[in-house]
Amino acid sequence: MSLAFPAAVQNYEALSSLMGLMREAAASGQWDRLVALEMKCQERVQIMRQADARSTLEESERAHKKALILKILADDASIRQNTQPWMEKLQWALRNTRQEKKVRQAYTPAR
């Protein structure tokens with residue numbers, strides 16, 4: 001095995017780094033940064049789909065890839081935990097806005 005991991009594993013390392021940045025952005029409420037990083041993650045995943053289909057890994061490389069996947073999943077769970085309250089507030093605000101509009105329409109006299 002060479003010192004450098006194959007491209008397939010390097011892609012998981014890059015995705016793991018992006019997910020770590022996303023976790024930090026979510027934890028600090030940097031929503032615009034989170035969205036931008038999410039777009040980069042989607043691009044990386046598209047690249048990975050192609051690379052994974054063509055790669056074969058040695059046992060140590062598979063173990064490293066598995067560890068990266070577990071970290072990615074943990075970061076994803078943390079991101080969801082940090083974004084869920086914000087999403088609930090946003091949904092509540094949207095619901096209230098719709099209700100308010102319906103009430104105004106119902107009680108505003110036609111001209």
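This structure is a prediction, so every number in the text was calculated from the model and none was measured.

Caption draft 1: Molecular detail of the side chain of lysine 65. Residue placement: lysine 65 occurs in helix H3 (residues 59–107). A residue is classified by how much of its surface remains accessible, and lysine 65, at 18% relative accessible area, is buried. Apart from residues no more than four positions distant in its own chain, lysine 65 is found in contact with Val9, Tyr12, Asp52 and Leu57.

Caption draft 2: Examining the pattern of salt bridges more closely. If you walk through the whole model with that rule in mind, you get 4 salt bridges. Across the salt bridge formed by arginine 23 and aspartate 75, the nearest N and O atoms sit 2.8 Å from each other. Here aspartate 75 lies in helix H3 and arginine 23 lies in helix H1 (residues 7–27), a separation of 52 residues in the sequence. For arginine 23, a relative accessible area of 28% gives the class partly exposed.

Conventions adopted
- Residues numbered from 1 in each chain as written.
- Predicted model: local features only at pLDDT ≥ 70, side-chain atom pairs only at ≥ 80, totals over all residues.
- Heavy atoms only, no water.
- Helix = DSSP H or I, 4+ residues; strand = E, 2+ residues; numbered from the N terminus.
- Buried < 20%, exposed > 50% of the residue type's maximum accessible area, 1.4 Å probe, protein only.
- Contact = heavy atoms within 4.5 Å.
- Salt bridge = Lys/Arg side-chain N within 4 Å of Asp/Glu carboxyl O.

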